[in-house]
Amino acid sequence: MLESLLDMLLQHHVSCAPHVLTRLVAELGAESATIREVAERLTPAQRYGAASLPTPLPLVPSIVEIFGAREWAAADRDLLLAVSLCLDDRLEPLLDLDGRTADEIAGGAVGADLVLRAGRISLVDPRLAIWIREISGTGALTAMHLRLGTVFTRRGDRVNAAWHEARSSLRGRPSSVPALIPIARALSEDGQSLRALQLASEAEKHATGDARDEARVVAGAAAIAAGLSGDAAAHLSALFPDGPESHRLQALAVLFIAQSALRGSVPDLEPGDFRPTSDDPADWHAWTRASALTAGLCAERGDRRRMRVWLDAVREGSARVGAQRALRDPAVALSWLVAGDVDREDVAGAGPLSGGMLRALRTALEGDIDLGLRILATGDSSMGSEADPFVAGFENSALVRAYRALVEVLLLSWRGDIGMARVHLVAAARELPIALPFAGLGVVLARRLDLAVRGELSPYSLALTEALPPAVKIDLLVDRSIRSYLGGDFEDAAAAARLWLDMGAPQTMFAVPGLDEVFGAAEPVHRSPQIVRPPDLELAAALRLRLQGASEGRWRAEHEEVHRIARTLRSPFERARVEAMIGVRAAIRDERVTAKAHLRAAASLFEVAGANAWSRAMQERISRLDEADDDGARGFDPLEVCRRAWTPSLTARELGVAMRAVTGASNREIADALLISVRTVEVHLGRVFAKLDVRTRVELTVLAHRTNRHL
């Protein structure tokens, strides 16, 4: 259902991040017309999850059409309004307000609009909350908040009383602030970030002086915990540069995270610009933690130079507050691991990020991915039991859970469980802001897993891509190359891959399913030593590179040795890619029996991995081999087929010469056609022979016919 709604919104150019759409469905139901009308009235920041949704949501024509003719008795209308305004769904306070019993309400005219069950009360149609609040007017809303404040005061519920009293005040109510801020902080630490933001934002409206600055800090922290980077920046920016130093230092880490998410890059500032001027340990600890988180943000983006600068600040601050083991060591270890150096000292902190996530990643990179997944699962079963020095107070937040969910998906993809990885990623995307962690890694993973499983991008990955800030660049050319390769368009696959190389081979810091199959031996894929990958993926990439460079004379021995080593790979997906490469190259050499055996093995392994699109591509290659007749005639234009197969290995000029040579053109005819000298033709042919491992025009022509027949 959510996927079809995402697709509908994309078609109307009002894309929503999946987790935002989940909230819209909760408040509007699954009515596509209403959801589209509301989405069209939201700002891009709200649709992409950078800003909170308005309360109430906009009133749109489809809601008016449903409720416009409805009428309620005054008491029933007041009850519906009260239900729509309460912070929670407890029934007893509303019975106190209304004066009727639950049975009387359920049996009355308004009972058809309400669900009363197990001491809870809610609206049958959540869209009614928008309508009833819109038609009530400011006076009625103020009066109802005042009545509810009185009810909660009598019940001794100080928090709800303060909330409704604040909402009923038109001139500000500073007396409500002392109750709202502590509970907002507690809710935020409990993982209820949206509710915490609601309370803290209300407190900020009514507070003055130091209390207002404190409310800003709590609101900003709650906002970033929910992934609302725009809201976080809006609340905290007011503290800089003139706010109290203690509040600025408390806000520093959150503000940097928010600005990095909004801009796509870490603010270009120095730690010394914010170094505490006091000796207060709390200030120094806040500065140190901000430095640790900023170092991690730089590491995610591959900026080692600035990461080192912020890590130096971590060392200075940790020494000042005695947090070398608790904060400095895990900060250094996690930053360097994310930046691509996995050989650092094996240290870890505590809690979900600097503890469980760091241990899981390190374990997986040492070769035991299963144990890494078990570490994550163990941590998830008791997430609130350990404080994390990195994210103290926010261990249960949506943003932290998004980081851990992405690491789980990453490890599943490394293990070769491509189908399962996609299922987990989609589930996380429905609830969490997965486009934020690791500089957009979740978006790249969503796209690659879609291509591997479906062969095309789903509404989930397209919507996530839309939510990325403009400054974040992801390697779309690799996606295009994979899609073309799986579809059999080798020429376009190679062209896209070459463009990717020309642009510096941009890629995420963590290895994700890519494509090096289309590169020839003379042009191997760029492999940055900083890319973080487990031994299995490193070995598989080396085996494919070895196949690319195998000469005709060494082919049989090389492919047999590569096949033997490939059988040690634990990932069915990575082993399948090696098997597929052997199969394709055997087909080009007219070793049809060998080719089909390896392609069948690849198809089966891809199926085990859940990479259904890759499996289908292998089956199509096998079908082409089965359809080939004895004389190799397939009815295809040999120039087109050879061009696709040879493009990865030859330059454009070499390819033009080779294509004319296999059709029987003489060197003089080729020279005249291409407006070059005969000597230049001879040089190009010599390079073609060397790259394709043939010695004569006859062998080149035979190779062309084999390629035409099998690919």
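Residues numbered from 1 in each chain as written. Predicted model: local features only at pLDDT ≥ 70, side-chain atom pairs only at ≥ 80, totals over all residues. Heavy atoms only, no water.

Participant: What is the right way to read the overall build of the protein chain from this model?
Facilitator: If you tally the helices and strands in the protein chain, you get 36 helices and two strands. Principal axes of the C-alpha set define a box for the protein chain whose edges measure 100 × 65 × 45 Å. Long-range contacts, defined here as pairs at least 24 residues apart, represent 67% of the contacts in the protein chain between residues at least 6 apart. Of the roughly 29,200 Å² of accessible surface on the protein chain, 50% is carried by carbon and sulfur atoms. (Helix = DSSP H or I, 4+ residues; strand = E, 2+ residues; numbered from the N terminus. Contact = heavy atoms within 4.5 Å. Areas by Shrake-Rupley, 256 points an atom, 1.4 Å probe, with all protein chains shown as cover.)

Participant: What is the right way to read the pattern of salt bridges from this model?
Facilitator: Side-chain pairing between opposite charges can occur once the charged atoms of the two side chains come close. Summed over the entire model, instances satisfying the criterion amount to 46 salt bridges. Across the pair Glu654 and Lys691 runs a salt bridge whose closest N-O atoms are separated by 2.9 Å. Of this pair, Glu654 sits in helix α33 (residues 652-662) while Lys691 is found in helix α35 (residues 678-692), placing the two residues 37 residues apart along the sequence. Connected through salt bridges with shared partners, the residues Arg447, Arg448, Asp475 and Asp479 form a single ionic network. (Salt bridge = Lys/Arg side-chain N within 4 Å of Asp/Glu carboxyl O.)

Participant: Can you help me understand the packing of aromatic side chains in this one?
Facilitator: Each pair of aromatic rings is reported with the distance of its centres and the angle of its planes. One pass over the full model with this rule turns up twelve aromatic pairs. An angle of 85 degrees between the planes, with centres 5.7 Å apart, marks the rings of Phe256 and Trp310 as edge-to-face. Linking Phe256 in helix α15 (residues 245-263) with Trp310 in helix α17 (residues 304-321), this pair joins segments that are 54 residues apart in sequence. Across the pair, Trp310 and Phe256 agree in class, each one buried. Here Tyr485 and Trp614 contribute two aromatic rings whose centre-to-centre distance is 5.8 Å and whose plane-to-plane angle is 50 degrees, an arrangement assigned as tilted. Here Trp614 lies in helix α31 (residues 612-627) and Tyr485 lies in helix α25 (residues 476-486), a separation of 129 residues in the sequence. Put simply, the rings of Tyr485, Phe490, Phe573, Phe606 and Trp614 touch in pairs and so form one group of aromatic residues. (Phe/Tyr/Trp six-rings, centres within 6.5 Å; stacked < 30°, edge-to-face > 60°. Buried < 20%, exposed > 50% of the residue type's maximum accessible area, 1.4 Å probe, protein only.)

Participant: Even after reading the chapter, I still don't get helix α16 (residues 281-300), so can you show me in this structure?
Facilitator: Residues separated by three or four positions in an α-helix point in the same direction, a consequence of the helix having 3.6 residues per turn. Across its 20 residues, α16 extends 29 Å between first and last C-alpha, which sits within 8% of the 28 Å expected from 1.5 Å per residue. The buried count for α16 comes to 17 of 20 residues, which makes it a mostly enclosed element. The opening residue of α16 is Asp280, an N-cap whose side-chain oxygen sits 2.9 Å from the backbone nitrogen of Ala282. (Expected span 1.5 Å × (residues − 1). Polar contact = N/O pair within 3.5 Å; in protein donor to acceptor, adjacent residues only side chain to side chain.)

Participant: What exactly am I supposed to notice about the pairing of strand β1 (residues 114-117) here?
Facilitator: A regular strand carries its side chains on alternate faces of the sheet. With four bridges connecting them, β1 and strand β2 (residues 120-123) associate as antiparallel partners. Its bridge partner lying in β2, Leu114 is registered against Leu123. Adjacent in sequence and paired antiparallel, β1 and β2 are bridged by two residues, among which Ala118 carries a positive phi angle near 50 degrees. (Pairing = 2+ DSSP bridges.)

Participant: Explain unusual backbone geometry to me, please; I cannot follow it from the model alone.
Facilitator: Phi is mostly negative for residues that are not glycine, and the peptide bonds are mostly trans. Residue Pro56 is bonded to the preceding Thr55 through a cis peptide linkage, with omega at 0 degrees. Structurally, Pro56 can be placed in the loop between α4 (44-48) and α5 (61-67). Backbone torsion omega between Phe240 and Pro241 reads 5 degrees, so that peptide bond is classified as cis. Not every positive phi belongs to a glycine, and Ala118 is a case in point at roughly 50 degrees. Located in the positive-phi region is Ala505, a residue other than glycine, with phi close to 50 degrees.

Participant: I tried to follow the nonpolar core on my own but got confused; where do I start?
Facilitator: A general trend in soluble globular proteins is that nonpolar side chains are found buried together. Core analysis: the largest hydrophobic core is formed by 195 residues, its most contacted members being Trp414, Phe510, Trp614 and Trp646. Here the element with the most residues in this core is helix α21 (residues 398-415); it accounts for 13 residues. Contacts of Trp646, omitting those with residues within four sequence positions, involve Leu655, Ala658, Met659, Val662, Leu692, Leu700, Leu703, Ala704 and Thr707. Listed in part, the 52 residues of the second largest apolar core include Ala39, Phe67, Val110 and Ala161. (Core = buried A, V, L, I, M, F, W, Y, C linked by side-chain atoms within 4.5 Å.)

Participant: Any chance you could explain the packing of α17 against helix α18 (residues 324-338) here in plain terms?
Facilitator: To characterise two packed helices, one gives the angle between the axes of the helices and the distance between these axes. Viewed as axis vectors pointing N to C, α17 and α18 meet at an angle of 170 degrees, and their least axial separation amounts to 9 Å. Relative to α18, the element α17 is oriented roughly antiparallel. Only Gln324, Leu327, Arg328, Ala331, Val332, Ser335 and Trp336 of α18 make contact with α17, whose side of the interface consists of Arg304, Met307, Arg308, Leu311, Val314, Arg315, Ser318 and Ala319. (Axes fitted to C-alpha atoms, helices over the stretch in contact; angles between N-to-C directions. Parallel < 35°, antiparallel > 145°, perpendicular 65-115°, else oblique.)

Participant: I would appreciate a short explanation of helix α34 (residues 667-674) in the present structure.
Facilitator: Burial in α34 covers these residues: Ile670, Ala671 and Leu674. For α34, the buried positions fall inside an angular range of 100 degrees around the axis, keeping them on one side. The positive-phi residue at the C-terminal boundary of α34 is Leu675, with phi of around 60 degrees. (Arc of directions from axis to C-beta.)

Participant: Even after reading the chapter, I still don't get the confidence of the model for the protein chain, so can you show me in this structure?
Facilitator: Any residue range with low pLDDT should be treated as having predicted coordinates unsuitable for detailed reading. When pLDDT is averaged along the protein chain, the result is 88, and 94% of the positions lie at 70 or above. Per-element averaging of pLDDT across the protein chain places helix α32 (residues 638-646) at the bottom with 69 and helix α22 (residues 418-431) at the top with 97. Low pLDDT (under 50) marks residues 629-636, which in the prediction has twelve contacts with non-local residues, meaning those over four places away or in another chain. (pLDDT = per-residue confidence, 0-100.)

Participant: Could you clarify how one ought to interpret the environment of Val391 in this entry?
Facilitator: By the secondary structure assignment, Val391 is in the loop between α20 (369-380) and α21. Residue class for Val391 comes out buried when judged on its relative accessible area of 10%. Put simply, Val391 and Leu451 are 60 residues apart on the chain and 34 Å apart in space, counted from C-alpha to C-alpha. Contact partners of Val391, with chain neighbours within four places excluded, come to Arg289, Leu353 and Val400.

Participant: Honestly, the packing of α21 against α22 in this entry has me stumped. Any pointers?
Facilitator: Running from amino to carboxyl end, α21 crosses α22 at an angle of 165 degrees, the nearest separation of the two axes being 8 Å. Overall, the two elements α21 and α22 adopt an arrangement that is roughly antiparallel. Both α21 and α22 take part in a crossing whose hand is left-handed. Note on element contacts: α22 touches α21 through Ile418, Met420, Ala421, His424, Leu425 and Ala428, opposite Ala405, Leu406, Glu408, Val409, Leu412, Ser413 and Arg415. When grouped by side-chain class, the residues that make up the contact of α21 with α22 number nine nonpolar, two polar and two charged. (Left-handed = near helix turned anticlockwise from the far one by under 90°. Nonpolar A, V, L, I, M, F, W, Y, C, P; charged D, E, K, R; others polar.)

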